[in-house]
Amino acid sequence: MKYLCNSMLIVTLLLISFKVTIADTKQDIDNANKNGKVVFCVVIEKGSKSNNEALNIAQKAQKLYSKSEVIELDKNSIANYKLVQTYRLTGAPTPLILVIGKNGTVVGGAVYNETTAEDLVAKIPTPKLEEVYASVADSKPAILIFTKKSFTDRIEVLKTCNEAVSILKNNASIIEVNMDDSKEDNFMKMVRINKSSKSSVVLVINKQGQLSGTATTMPDAKKLAAAATAVPKGGCGPGCGPAGCGK
């Protein structure tokens, strides 16, 4: 009986330890995000001689971007099974370095020998681009409104975009980007938004993350909704004509 009790105690302690371990990596990432930090997540497999090299790259990136943290994730650990599934790492090569945004969304990644610390830092999105990644990760299209408070068309454009979301049964995100916000400069350069524009510009990103529509004039709600569910077959998408998604 004493032997049985001791065995049960050992099993119980092992189970408690296992549950704590499961939470560790995810909890570490969550804690970093709660503190407003980007995470450089180094995905490893125990025994690889390249693990230290990958960690060194991530640590250099952390020094370049102080509001970040380096966290190691053992791909083959049973404790990390759910994270591996969530991040779709089952068939991924290792060591791999993931860039996880402040909202917990994976925004980029690269095999250790195909990236540099500078490359990893460059993958860190602006706040609004991070919202786009989160929307796509949630399988929702995003309607982006690049505007300024001083624009006379701003209120009407916002109203039209909200009508488009209603057409989509609220299964879409509206993300307003202030053209005067210097934090969004890199994002605007990426999508070729002219900050000197005199009127609002609307871009539509479908749930696959593709640019599927544009409107440089007053947008049309039905066209925006149609673009949000469209999948471009080539070129720059269905919103690229002279009128695009405009009226």
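1. Let's talk about the pattern of salt bridges
Counting across every chain of the model gives seven salt bridges. Here Lys148 and Asp180 are joined by a salt bridge, their closest N and O atoms 3.6 Å apart. Note that Lys148 is positioned in the loop between strand S5 (142-147) and helix H6 (154-167) and Asp180 in the loop between strand S6 (173-178) and helix H7 (185-190), a separation of 32 residues in sequence. Its relative accessible area of 13% is what places Lys148 among the buried residues. A relative accessible area of 51% means that Asp180 is categorised as exposed. For Asp185, the salt bridge goes to Lys195, with nearest N and O atoms at 2.9 Å. Taken together, the residues span a long stretch of sequence, with Asp185 in helix H7 and Lys195 in the loop between H7 and strand S7 (201-205) at a distance of 10 residues.

2. A look at helix H5 (residues 127-137)
Of all the residues in H5, the buried ones are Leu129, Glu130, Val132 and Ser135. Of the surrounding elements, those touching the buried residues of H5 are S5, S6, H7 and S7. Positive phi shows up at Ser139, right after H5, with a value of about 60°.

3. Considerations on the pairing of strand S4 (residues 106-111)
Here strand S3 (residues 96-100) runs beside S4; their pairing, made up of five bridges, is antiparallel. Bridged to Ile100 within S4 is Val106. The hairpin formed by S3 and S4 contains five residues between the paired strands, and Gly104 there has a positive phi angle of roughly 90°.

4. Topic: the pairing of strand S1 (residues 38-44)
It is a general feature of regular strands that their side chains alternate between the two faces of the sheet. The element S1 is extensively covered by neighbouring structure, given that seven of its seven residues are classed as buried. Inspection of the sheet shows S1 paired to strand S2 (residues 68-74) by seven bridges, in the parallel sense. Looking at the pairing, Cys41 lines up with Ile71 of S2. Note that the unit made of S1, helix H2 (residues 51-64) and S2 has a crossover that is right-handed. Here five bridges tie S1 to S3, and the two strands are oriented antiparallel to one another. Each residue of the ladder has a partner; that of Val39, found in S3, is Ile100.

5. Observations regarding the packing of H6 against helix H8 (residues 221-228)
Between H6 and H8, the shortest axis-to-axis distance is 8 Å and the interhelical angle comes to 55°. With respect to H8, the element H6 is oriented oblique. Seen along the crossing, H6 lies across H8 with a hand that is right-handed. In this structure, H6 contributes Thr160, Cys161, Glu163, Ala164 and Ile167 to the contact, and H8 contributes Ala221, Lys222, Leu224 and Ala225. Broken down by class, the residue content of the contact of H6 with H8 amounts to six nonpolar, one polar and two charged.

6. Quick notes on unusual backbone geometry
Residue Thr94 is joined to Pro95 through a cis peptide bond whose omega torsion reads -5°. Residue placement: Pro95 occurs in the loop between helix H3 (81-86) and S3. In this structure, Ser139 takes a positive phi of about 60° despite not being glycine. Assignment of secondary structure puts Ser139 in the loop between H5 and S5. Since its relative accessible area comes to 43%, Ser139 is described here as partly exposed. Positive phi, close to 60°, is recorded for Lys169, a residue that is not glycine. Looking at the element boundaries, Lys169 is found in the loop between H6 and S6. Overall, the relative accessible area of 75% leaves Lys169 in the exposed class.

Procedures and definitions
Residues numbered from 1 in each chain as written. Predicted model: local features only at pLDDT ≥ 70, side-chain atom pairs only at ≥ 80, totals over all residues. Heavy atoms only, no water. Salt bridge = Lys/Arg side-chain N within 4 Å of Asp/Glu carboxyl O. Helix = DSSP H or I, 4+ residues; strand = E, 2+ residues; numbered from the N terminus. Buried < 20%, exposed > 50% of the residue type's maximum accessible area, 1.4 Å probe, protein only. Contact = heavy atoms within 4.5 Å. Pairing = 2+ DSSP bridges. Right-handed = clockwise from strand over helix to strand, strands pointing away. Axes fitted to C-alpha atoms, helices over the stretch in contact; angles between N-to-C directions. Parallel < 35°, antiparallel > 145°, perpendicular 65-115°, else oblique. Left-handed = near helix turned anticlockwise from the far one by under 90°. Nonpolar A, V, L, I, M, F, W, Y, C, P; charged D, E, K, R; others polar.

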